[in-house]
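# Close look at the chain arrangement
Here are the chains, one letter per residue:
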Amino acid sequence: MKLTGFELRRIALPLVAPFRTSFGTETTRDALLVRAVGADAEGWGECVAMSAPLYSSEYVDAAIDVLRRYFVPAMTGVERGTQVAPALAKFHGHRMAKAALETAVLDAELRTEGRTLARELGAVHDRVPCGVSVGIMDSIDELLTAVGGYLDEGYLRIKLKIQPGWDIAPVAAVRERYGDDVLLQVDANTAYAVSDARHLAQLDAFDLLLIEQPLDEEDILGHAELARQVETPICLDESITSARAAAAAISLGACSIVNVKPGRVGGYLESRRIHDVCVANGIPVWAGGMLETGLGRAANVALAALPGFTLPGDTSGSSRYYRTDITAPFTLDAGHLAVPTGPGIGVEPLPDELAAVTVSTEWLTL
Ligand SMILES: O=C(O)CCC(=O)N[C@@H](C(=O)O)c1ccccc1
């Protein structure tokens, strides 16, 4: 499929409520969409970089610049999704920008050929169990109300953001209020140090599924040491930037569960490779999230349908974050989301909704 060019579209979606993590608070999702335009189809990719380099080194302005200056010009001659990563291999980093470009080309290719992303990746389910991520709040009462609301909506797993000073008490309160059967996990987003091991070991009393990314993303050996001192399984997110990094972290004993986030690792094809490495090592994986619109959400749900995704992911319904999504909304059904069945990622932006949140567009001809 011959490509004629790409559109970079920056959008701003207000969140239904502030979302606070150990590294900041989001109130509006500043996001970059990439549209690949081919002779007889177009495809979409969502860059999950945040406004500022607080989750990782990437941020929206940098993604726009690197796409415009280096990555899109390197797409000359590229006609299939599998050709994108090799064409970008000489460039270091910027995995979220690379992922958006690869997904847009892959979506256009699959739409041209009438194939779904789910099938292309090796999905084996037609719906996926959904968890929800709950931010840091001003009070335990506020947290318990939020958690109760999500449980009422049918979410099958609760993830609590934690940080020093907001960890043991909120976990204990949720366990005390909602019981021991609720699937519960925590996410520290690198907020602790290995010297906090004894403190974090207090979480062992609460039968958590996992503790996600407690230490700095580069502290693989620290996570291996922490795993020796804490019973709760350690899950890595920010540290796992590729299948090679996953293999190394697993062999070093740094994690026993992996959060697979396509944007963080450079795309859905590398995500499948991470899945395969983890399955080969008996390591469960689950689909992470980055407050995606329905475009990224659709692709994440397809990925979450692969056999090794045995834990509910951060694949919540659209209404968790947005009053109005830019695609038909993803709505929870008995705690699950249906895997899209249309070609490619299976969804498209709704023109009016997309226009309403568009901040800027830029066309780059190949
Ligand atoms: O449900 C979602 O899409 C968000 C899930 C979530 O908590 N993402 C976290 C994370 O660190 O995994 C995050 C939040 C905000 C910004 C970046 C990452």
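Above this text sits the structure in question.
Residues numbered from 1 in each chain as written. Predicted model: local features only at pLDDT ≥ 70, side-chain atom pairs only at ≥ 80, totals over all residues. Heavy atoms only, no water.

## Brief notes about the pairing of strand E7 (residues 184-187)
Basically, it comes down to this: Buried, partly exposed and exposed residues are distinguished by accessible area as a fraction of the type maximum, computed with a 1.4 Å probe on protein chains only: under 20%, between the cut-offs, and over 50%, respectively. Only DSSP runs of H or I with at least four residues qualify as helices, and only runs of E with at least two residues qualify as strands; both kinds are numbered from the N terminus onward. Here, any two strands with at least 2 DSSP bridges between them count as paired. Clockwise travel from the first strand over the helix to the second, with the strands pointing away from the viewer, marks a crossover as right-handed.
The side-chain alternation of E7 yields two buried faces, one formed by Leu-184 and Val-186 and the other by Gln-185 and Asp-187. Here strand E6 (residues 157-161) runs beside E7; their pairing, made up of four bridges, is parallel. When the bridges of E7 are listed, Leu-160 appears paired with Val-186. Note on the crossover from E6 through helix H6 (residues 168-178) to E7: the handedness is right-handed. Bridging between E7 and strand E8 (residues 211-212) involves two bridges; their strand directions are parallel. For Asp-187, the partnering residue across the bridge sits in E8 and is Glu-212.

## Let's talk about the packing of aromatic side chains
Selection criterion: Any pair of Phe, Tyr and Trp rings, taking the six-membered ring for Trp, is counted once the centres come within 6.5 Å. Such a pair is stacked with planes under 30 degrees apart, edge-to-face with planes over 60 apart, and tilted for the rest. Two limits define a charge over a ring: the Lys NZ or Arg CZ must be within 6 Å of the ring centre, and within 35 degrees of the ring normal.
Enumeration according to the criterion identifies six aromatic pairs in this entry. Ring centres of Phe-19 and Tyr-321 lie 5.6 Å apart, and the angle between their planes is 80°; this geometry places the pair in the edge-to-face category. A residue pair is termed long-range when its members are at least 10 positions apart, and Phe-19 in strand E1 (residues 3-21) and Tyr-321 in the loop between helix H12 (294-303) and strand E12 (336-338) qualify at 302 residues. As far as burial versus exposure is concerned, Phe-19 and Tyr-321 are alike and both buried. Between Tyr-150 and Tyr-155 the ring centres are 5.9 Å apart and the planes differ by 80°, which places this aromatic pair in the edge-to-face class. Judged by relative accessible area, Tyr-155 falls into the buried class, the value being 4%. A network of ring pairs unites the aromatic residues Phe-19, Tyr-321 and Tyr-322 as a single cluster. The ring centre of Trp-286 lies 5.1 Å from the NZ or CZ of Arg-157, which sits over that ring.

## Some points on the pattern of salt bridges
Here is the rule we go by: What makes a salt bridge here is a side-chain nitrogen of Lys or Arg within 4 Å of a carboxyl oxygen of Asp or Glu, nothing more.
A complete count under the given rule lists 25 salt bridges for this structure. For the salt bridge of Arg-111 with Glu-348, the shortest nitrogen-to-oxygen distance reads 3.2 Å. Within this pair, whereas Arg-111 is found in helix H3 (residues 95-113), its partner Glu-348 is found in the loop between E12 and helix H13 (351-357), the two being separated by 237 residues in sequence. Relative accessible area serves as the criterion here: at 49%, Glu-348 is assigned to the partly exposed category. The network of salt bridges with common partners includes Arg-157, Lys-159, Lys-161, Asp-187, Glu-212 and Asp-314.

Nothing here speaks to function; it is geometry throughout.
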